[in-house]
Amino acid sequence: MRFPDFVGHEDAKLALILNAIDPNCGGVLFVGERGSGKSTLSRLFKDVLPEGTPFIELPLNITEDVLLGGIDLEETIQSGRKVFQHGILDRAHSGIIYIDDVNLLSPEIIALILQVQGRGENIIEREGLTLRHTSRFILLASMNPEEGTLSPHLLDHFGMCVLWERLKETFERIEVVKKAAPEVFVCNDKGMGIDGGLKEKVLVCRSILKDITLTDEIRGYIARLCIENYVSGHRGDLFLFYACRAYATFYGYKEVTKKHVDEVLPLVLLHRRRILQQMEKEEHRHDEKKPSEQRSEKHEQNDTKTDRNDENTSVGSMGEGLKDFENRTRESHPREEVFELGDVFKTRRIVFRKDRADRSASGRRTKTKSKDKGGRYVKSVMKTRNDIAIDATLRAAAPFQKIRGRKEMLLIHDEDLRFKQREKKMGHLAVFVVDGSGSMGAQRRMAETKGAIQSLLMDCYQKRDMVSMIVFRKEKAEVVLPPTSSVENASKRLREIPVGGKTPLAAGLLEAYKLIKRVMFKSPQTRFLVMLITDGRANQSISEEPVGEEMEKISQLLRELRFTDYIVVDTEDKSRFIKTDFAREVASQIGADYYTIDNLKADYLSDIIKSRKTEKFGV
Amino acid sequence: MEEKDGGSLRMIFPFTAIVGQEEMKIGLILNVIDPSIGGLLIMGEKGTAKSTAVRALAELLPEIEAVKECPFNCDSDGFLCNQCRETLGSEGHLHSERKKMKVLELPLGITEDRLIGTLDIEHALKKGEKRFEPGILASANRNFLYVDEVNLLEDHIVDLLLDSAAMGVNTVEREGISFMHPARFILVGTMNPEEGDLRPQLLDRFGLCVRVVSIQDKGERMEILRRKAAFDSNPGDFLMARSSEQRDLAGKIVRAKDRLNSIRITDDILGKIVDITSSLNLDGHRPDIVIMKSARALSAFREKDTIEQDDIKDAASLSLSHRLKRLPFEDIGNENKKMQSILWGMQA
């Protein structure tokens, strides 16, 4: 199959072609389900590029030395001088790096790739080697959002983003099957009106790219679009500029028009909008416009152009379910309130009780010496393992070469061998599962609850834990904050949580379960603490089953998770005459420690007594 | 500017062509004028010219006097490396030469041996003797050390960085080698706070801190696009057109450097500085010293003979934003508001 034969997904093909014409377009991220053809198309991309363009697929288990380059063992021993082994970033120069499932790649590796990409140059200061080489490449990546998200700042690095929706039309599906088995069907080229000459066309476009003119009017248009869409930083402006210029070139125009900008706009801005700010604004607008709602809806229908853009951009919010999040803010709901933070207090020591001992021993974050070859090479040691630190071994052997009478090969004795000591960060992730249902709004319980969550967040901050936040209300739950170490962001999100609607408790817990599974896949060493903050009045199921049975099932799942502790913070007002204590039941169901907001507060006296005891008896 | 890169020339977007972001620019310039200010941390979202500015700074840097051919840029009047000390002992004097200051980049993937230096393998192989091979900290002495995404740096590298930053000396004891050399570098870091926090010890190391945000003015954003496009399509011409502006700024920096020591710091000025820091309940004396030095550098850059109210005010706002006491989640806005109100109160 060739590139033009690929059926449908015209926006994806366009994105690739624009990048082929101008690598300044900043690469493409494909977001979609497994088996939707993302990788197939990415690999076909080679067809569009000039002969000999490197195309490198990055394996998920890649190590730093393979990526950046390192010392070449064989050559170095042979020649007796340091010989550099080129890394992927060197081989990919002026070509493509393709990462399948980029959301599963370790964040450290992603950071390295993006730093080199941003700089256009790889600076190597490793294992006794100093070197720099230009490394410009188009970054192509795909991800399946069901398997975990990518944080917004990583998204931002990609020039373009394309959402893969399943092909709906029967006709297109038939075409896919036909193209996959060309020997059975006679294929006729179509789609984009491109024939075999695509590669040549790209080359021509590259050569005339710089002659395409861009008026101040268009520049102003680009700037305005980015400001209106709350694009953070100026990268959006630049990517939009490169994209529309490449677009104009491809379609044979000498000058960029607004229409060209509009055509590439969804590709560039889809993943870039500051979602929360945007939401706030829409919420305001919504409030103002309520009476005229019908009219504006009608208007939207007429104006298909805006409609399309709108749809695309909102889908692009990506942090799963954020589309719904936006939609939700548009729904009118009479009892929706956002409460400020209540009192913030010092919490008693409850977080990660099970491993507090080894944590305090090694500082704030636990590190484990890793047994396998993963993790970062920290220093070399004299121990027998089969992970040889080449540089250190050579250094150990070097001074003795003369005495040992070296001729051609280096003479390395057993006592020279050095091994790598690697280190993996053992992460701690605190997952806040917050009840945002209407009952939480009663008597401003939510303000107090937010105060409590803030207090717990502060504890996480001091312990340098990662945090994530899930909110459940109305019909469903959503991850409002993917795992992050920026507790400041978490606090920001916390303030923004609105209250109103029913209590889909099971949905909240299920979301936590899925999140933990995803993180476990990516970093199996992580320990989890789920903090469920609720009054326990589950009254909305996610399936056909009754609420109770659903809760039983999900509790079963949660209890089976490894390395996961639970606590339930009951937000019910215990001073009232009628108490339900539903949350206590939930706690025993999932095997959680149970707290009310009041007994969550640090009891200084008892803490002091406890620590004294520990000192005295060395417990 | 042009930078040699393995034979090919690398073009760098010029400093004076960066639109807006005045605080960041002045923060960098003050550190050139007085390196003892202690560096700059630039916080901000992606794509706000943070890295561009730091790299562009290189062209504006002045020359310094350093011991000839010393890989550690020893100052002949200051603390000397082992090598220079030997030379001084055997020959009785040291020759100096003028070198242009540099911006050295510390990549995220750096290994320990390249940071602090290690045994020179090739020398050991050829001669069978142990010799020290300097790391980045050696070349960074008296130069700028730039860490992009400093909050993503590995902990064990940060530890080493903090050690030598605190002492101003890099002490190496490994692989049978002992070596000591001065390592006083001007630390410049950029970070996007959304990607994670910075360790407090490291945060405290930075003399100044600025926060950059994207420009909201449509006209300026258009100008950014215009300049970027012009630079991309013909960097040579673009640099040429900017060259006189670049030279003017470089000259202005050198003049400010010369005039720095002639600016007197009176008790009245010290009093004002201490008033600010004490009303903000700041610990330690580092904030006072940083404000004092940057106020003086500011006044020198503004071609004045005395430090005035607005120099102190601007210096304080550059020096204090990352030192203000606050609970971990208190809004950044709140603390700044408090500081601003104190600074504004000064004028009244």
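This text gives an overview of the structure that appears in the document.

Cut-offs applied
Residues numbered from 1 in each chain as written. Chains lettered and ligands numbered in written order. Predicted model: local features only at pLDDT ≥ 70, side-chain atom pairs only at ≥ 80, totals over all residues. Heavy atoms only, no water. Helix = DSSP H or I, 4+ residues; strand = E, 2+ residues; numbered from the N terminus. Buried < 20%, exposed > 50% of the residue type's maximum accessible area, 1.4 Å probe, protein only. Contact = heavy atoms within 4.5 Å. Areas by Shrake-Rupley, 256 points an atom, 1.4 Å probe, with all protein chains shown as cover. Lys, Arg positive; Asp, Glu negative; His and termini not counted. Charge placed at Lys NZ, Arg CZ, Asp CG, Glu CD. Pairing = 2+ DSSP bridges. Axes fitted to C-alpha atoms, helices over the stretch in contact; angles between N-to-C directions. Core = buried A, V, L, I, M, F, W, Y, C linked by side-chain atoms within 4.5 Å. Expected span 1.5 Å × (residues − 1). Buried area = accessible area lost by both parts, 1.4 Å probe. Salt bridge = Lys/Arg side-chain N within 4 Å of Asp/Glu carboxyl O. Polar contact = N/O pair within 3.5 Å; in protein donor to acceptor, adjacent residues only side chain to side chain. Nonpolar A, V, L, I, M, F, W, Y, C, P; charged D, E, K, R; others polar. Parallel < 35°, antiparallel > 145°, perpendicular 65-115°, else oblique.

Considering the overall build of chain A
- Counting its secondary structure elements, chain A contains 26 helices and 20 strands.
- Taken over 619 residues, chain A has a buried fraction of 53%.
- For chain A, the proportion of contacts with a sequence separation of at least 24, taken over those separated by at least 6, is 80%.
- For chain A, the accessible area works out to roughly 28,600 Å², and carbon and sulfur atoms hold 51% of it.

Some points on the overall build of chain B
- Along chain B, the regular secondary structure elements total 14 helices and 13 strands.
- Taking the principal axes of its C-alpha atoms as reference, chain B extends roughly 70 × 50 × 40 Å.
- Residues classed as buried in chain B amount to 56% of the 348 residues present.
- A sequence separation of at least 24 residues applies to 75% of the contacts in chain B between residues at least 6 apart.
- When the accessible surface of chain B is split by element, carbon and sulfur atoms take 49% of a total near 14,500 Å².
- Between the mean site of the 47 positive side-chain charges and the mean site of the 57 negative ones, chain B shows a separation of 2 Å.

Topic: the sheet that holds strand β15 (residues 466-473) of chain A
Residue and element names in this part refer to chain A.
- Read across the sheet, 6 strands follow the order β16-β15-β14-β18-β19-β20 without closing on themselves; strand pairing throughout is mixed. Of all the strands in the sheet, the pair left with one neighbour each is β16 (476-484) and β20 (593-596). The mean inter-strand angle of the sheet, taken between neighbouring strand axes irrespective of direction, is 20 degrees.
- As paired strands, strand β19 (residues 564-570) and β20 are joined by 4 bridges and run parallel to one another. Within the sheet, the bridge partner assigned to Asp-570 lies in β20 and is Thr-596.
- The strands that helix α22 (residues 505-522) touches are β14 (428-435), β15, β16, β18 (527-534) and β19; relative to β16, the one it contacts most, it runs at about 30 degrees.

Concerning the nonpolar core
- Counting 86 residues, the largest nonpolar core has Leu-29 of chain A together with Leu-115 and Leu-145 of chain B as the members making the most contacts within it.
- By residue number, the principal contributor to this core is helix α6 (residues 107-119) of chain A, which donates 7 residues.
- When near neighbours in sequence (up to four residues on either side) are disregarded, Leu-29 of chain A contacts Val-102, Ala-141, Ser-142, Met-143, Leu-150, Leu-155, Phe-158, Met-160, Cys-161 and Val-162 of chain A.
- Membership of the second largest hydrophobic core comes to 62 residues, among which are Ala-17, Phe-238, Ile-253 and Met-339 of chain B.

Points about helix α12 (residues 258-269) of chain A
All names here are of chain A.
- The terminal C-alpha atoms of α12, which comprises 12 residues, lie 15 Å apart, in line with the 16 Å expected from a rise of 1.5 Å per residue.
- Of all 12 residues in α12, 9 are buried; the element is thus mostly enclosed.
- Turning to α12, its buried residues number three or more, namely His-260, Val-261, Asp-262, Val-264, Leu-265, Pro-266, Leu-267, Val-268 and Leu-269.

Some thoughts on the interface of chain B and chain A
- Residue-level contacts link 65 residues of chain B with 72 residues of chain A.
- Of the roughly 6,200 Å² buried between chain B and chain A on both sides combined, carbon and sulfur atoms contribute 55%.
- Counting the contacts that link chain B with chain A gives 4 salt bridges.
- With a shortest N-O distance of 2.7 Å, Glu-125 of chain A and Arg-114 of chain B are connected by a salt bridge.
- There are 11 residue pairs in polar contact (both at pLDDT 80 or more) connecting chain B and chain A.
- Elements with a contribution of two residues or more to the side of chain B that touches chain A: β1 (2-5), α4 (112-116), β7 (118-119), α5 (121-127), α7 (155-167) and α9 (218-233) of chain B.
- Here the side of chain B that touches chain A is built from residues that sort into 21 nonpolar, 13 polar and 31 charged.

Topic: the sheet that holds strand β3 (residues 40-44) of chain B
Residue and element names in this part refer to chain B.
- The strand order β6-β9-β12-β3-β13 describes an open sheet built from 5 strands, whose pairing is parallel. Lying at the two open borders of the sheet, with one neighbouring strand each, are β6 (103-105) and β13 (208-212). This sheet shows a mean twist of 20 degrees between the axes of neighbouring strands, independent of strand direction.
- One ladder, built from 4 bridges, connects β3 with strand β12 (residues 186-191); its direction is parallel. Residue pairing in the sheet places Ile-42 in a bridge with Thr-190 of β12.
- The strands touched by helix α1 (residues 22-33) within the sheet are β3, β9 (144-147), β12 and β13, with β13 carrying the most contacts at an inclination of about 160 degrees.

What about the pattern of salt bridges?
Residues and elements named next belong to chain A.
- If you walk through the whole model with that rule in mind, you get 40 salt bridges over all chains.
- We note a salt bridge from Glu-121 to Arg-132, for which the minimum N-O separation is 3.0 Å. You can see Glu-121 sitting in strand β6 (residues 121-126) and its partner Arg-132 sitting in strand β7 (residues 129-134), a full 11 residues away along the chain.
- Here Glu-121 falls in the buried class, since its relative accessible area comes to 1%.

A look at the packing of helix α23 (residues 547-559) of chain A against helix α24 (residues 582-590) of chain A
Residue and element names in this part refer to chain A.
- Interhelical geometry of α23 versus α24 gives an angle of 45 degrees and a closest axis separation of 8 Å. In terms of orientation, α23 lies oblique with respect to α24. Listed contacts from α24 to Met-551, Glu-552, Ser-555, Leu-558 and Arg-559 of α23 are Val-586, Gln-589 and Ile-590.
- Grouping the constituent residues of the contact of α23 with α24 by class yields 4 nonpolar, 2 polar and 2 charged.

Notes on the pairing of β12 of chain B
Residues and elements named next belong to chain B.
- By the criterion of burial, β12 is predominantly enclosed, with 6 of the 6 residues buried.
- The alternating pattern of β12 places Ile-186, Val-188 and Thr-190 and Leu-187, Gly-189 and Met-191 on opposite faces, both of which are buried.
- Direction of pairing for β9 relative to β12: parallel, over a ladder of 4 bridges. Directly across from Val-147, in β12, lies its bridge partner Gly-189.

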